[in-house]
Amino acid sequence: MQRFAFLVWPILSGILAAVALLIYLPDTFAPQTNTVQIRQVDTPSTEMRGPFSYADAVEHAASSVVNIYTRTVVPSSNKQIYSDPSIRKYYDAKTGHKERIQSSLGSGVILSPEGYIATNNHVISGADSIVVALKDGREATATVVGNDPDTDLAVLKINLTNLPSITVSSSANLRVGDVALAIGNPFGVGQTVTMGIISATGRNQLGLNTYEDFIQTDAAINPGNSGGALINAEGNLIGINTAIFTRSGGSQGIGFAIPSDQAKQVMQDLIDHGRVIRGWVGVEAQEITPELAESFGLKDTKGLIIAGIYRDGPAHKAGLLPGDILLEIGGKKIVNSFNSMYSVARMPPGTVLPVKIWRNGEAKELEITVTQRPAIANPITEIPAQPSTEETNKEKASQ
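This report concerns the structure included in the present document. Because the structure is a prediction, the values reported are computed rather than measured. (Residues numbered from 1 in each chain as written. Predicted model: local features only at pLDDT ≥ 70, side-chain atom pairs only at ≥ 80, totals over all residues. Heavy atoms only, no water.)

On to the overall build of the protein chain, then. Assigned secondary structure in the protein chain consists of 10 helices and 22 strands. The buried share of the protein chain, taken over its 399 residues, is 39%. Considering only contacts within the protein chain whose residues lie at least 6 apart along the sequence, 65% involve residues at least 24 apart. For the protein chain, the accessible surface area stands at approximately 22,900 Å², while carbon and sulfur atoms represent 52% of it. (Helix = DSSP H or I, 4+ residues; strand = E, 2+ residues; numbered from the N terminus. Buried < 20%, exposed > 50% of the residue type's maximum accessible area, 1.4 Å probe, protein only. Contact = heavy atoms within 4.5 Å. Areas by Shrake-Rupley, 256 points an atom, 1.4 Å probe, with all protein chains shown as cover.)

Buried together is how nonpolar side chains tend to be arranged in soluble globular proteins. The biggest cluster of nonpolar side chains holds 27 residues, and the ones touching the most others in it are Val 109, Leu 111, Ile 166, Ala 229, Ile 231, Leu 237 and Ile 240. Among the elements of the structure, helix 2 (55-62), strand 7 (153-157), strand 8 (179-184), strand 11 (229-231), strand 12 (237-244), strand 13 (255-259) and helix 6 (260-273) are those that each provide at least two residues to this core. The dominant element in this core, judged by the number of residues it contributes, is helix 6, at 4 residues. Setting aside residues up to four positions removed in sequence, Ile 231 forms contacts with Ala 57, Ala 61, Ile 166, Val 179, Ala 180, Leu 181, Ile 183, Asn 236, Leu 237 and Ile 238. In this structure, Ala 285, Leu 304, Leu 320 and Leu 353 belong to the second largest nonpolar core, which totals 18 residues. (Core = buried A, V, L, I, M, F, W, Y, C linked by side-chain atoms within 4.5 Å.)

Turning our eyes to something else, we now look at the packing of aromatic side chains. All told, the structure shown has 2 aromatic pairs when counted by the stated rule. Ring geometry for Phe 214 versus Phe 256: centroids 5.9 Å apart, planes at 50°, classification tilted. Here Phe 214 is found in strand 10 (residues 214-217), whereas its partner Phe 256 is found in strand 13, with 42 residues between them in sequence. Judged by its relative accessible area of 2%, Phe 214 falls in the buried class. Classification of Phe 256 as buried rests on a relative accessible area of 3%. Both rings, one in Trp 280 and one in Tyr 310, keep their centres 5.3 Å apart while their planes meet at 65°; by these two values the pair is edge-to-face. Of this pair, Trp 280 sits in strand 14 (residues 279-280) while Tyr 310 sits in the loop between strand 16 (304-309) and helix 8 (314-318), and the two are 30 residues apart along the sequence. When its relative accessible area of 8% is taken as the criterion, Trp 280 is described as buried. With relative accessibility at 34%, the residue Tyr 310 sits in the partly exposed group. Sitting above the plane of the Tyr 116 ring, Lys 157 keeps its charged end 5.5 Å from the centroid. (Phe/Tyr/Trp six-rings, centres within 6.5 Å; stacked < 30°, edge-to-face > 60°. Lys NZ or Arg CZ within 6 Å of the ring centre and 35° of its normal.)

Our focus in this paragraph is the pattern of salt bridges. The tally for this structure, following the rule as stated, stands at 6 salt bridges. Two residues, Asp 150 and Arg 278, come together in a salt bridge whose shortest N-O distance is 3.7 Å. Of this pair, Asp 150 sits in the loop between strand 6 (143-148) and strand 7 while Arg 278 is found in the loop between helix 6 and strand 14, placing the two residues 128 residues apart along the sequence. Judged by relative accessible area, which is 8%, Arg 278 ranks as buried. The closest approach of N and O atoms between Lys 364 and Glu 362, which form a salt bridge, is 3.6 Å. Under the relative-accessibility criterion, Lys 364 is labelled partly exposed at 32%. With a relative accessible area of 42%, Glu 362 lands in the partly exposed category. (Salt bridge = Lys/Arg side-chain N within 4 Å of Asp/Glu carboxyl O.)

With that settled, consider the sheet that holds strand 8. Strand order in the closed barrel formed by 6 strands is 8-9-10-13-12-11, with antiparallel pairing between adjacent strands. For this sheet, the mean angle separating the axes of adjacent strands, direction not counted, is 45°. Its contacts with the sheet place helix 2 against strand 8, strand 9 (192-203) and strand 11, and it is angled at close to 40° to strand 8. Contacting strand 12 and strand 13, helix 6 runs over the sheet at an angle of about 50° to strand 13. (Pairing = 2+ DSSP bridges. Axes fitted to C-alpha atoms, helices over the stretch in contact; angles between N-to-C directions.)

On to helix 2, then. Burial in helix 2 covers these residues: Ala 57, Val 58, Ala 61 and Ala 62. Looking straight down helix 2, one finds its buried side chains confined to an arc of 115°; they lie on one side. Summarising the geometry of helix 2, the exposed residues directed more than 90 degrees from the buried face are Asp 56 and Glu 59. (Arc of directions from axis to C-beta.)

As structure tokens, this is what we get:
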């Protein structure tokens, strides 16, 4: 045993050191793990949760939303039969010239206590008489102040007192996910409120109107809701309901509204001038494909090729030629034809607009004096359930 006596103290010292480390530094012998940071919040307080009811918002706005009933005199469907000389003698001549009344309905929003009402142009287009019914039971015959097929908006006027006008919120502040409520008269059942969220903003190239900047919402919008109000959770107007994408004729969760900022501008122009004043440069432009960009020696497809120019129009006078490629308008690079057309339309006549073009392999700069857009209208009021490639990928636009 004496041979191993010299090992006792080293072994004992090692054991004592290990015990000390386990007691005072336990993490030294713990297995290594990866650190994962997880952001966890406390249970939100009642103040952070959404409201249990939007009744206050609806009460604030509902009285400003009206039902619109139109009547249109149309020829009798059998008028052509009776006008046939071979059989006209068998029928009363007066019967062959009878006319029938065609009725339709929609909604509108009182935007001012003076009696101005915003609605869709397709709601009142061609109507011989228009009757507005208020939520409080009053009715009045409306006159058309003006209409704008390019945005599918129209302004009516009624002569009643104590009219409840809606409060308007800027549509520029909308965010995807905001609560939205649609108020209108679907299918003529009476005023109805549906709820959803803002699904998207700035929707365009849908083939509905010439100038498109739609709010998309999943709040149910059905026939009869056209022209009604889209409001926020505080009851303020953020849009005018105008269209739905549908395969069945009913709501399928994709509805579109005209932003309140656009509706206000159009209404003011219609009241002041009887038409909307828009800028115009007089060109027909086509978006550039990758093949065209390569053939013209361009680095990308950010530009518009001038497909046509109106004779004696602003672009013609400024020296633009068919085949030129627009690279910049007003110092901003081209994004697409719709955005460019919309930006030009918002410019007041008389604006001097600098443009950058590509011609014969080199860049040139010109100046175009914007004039007032002529009264050209070709409205489309609904989206086909299965749009064709030509309808969904429009490449040409009149600016």
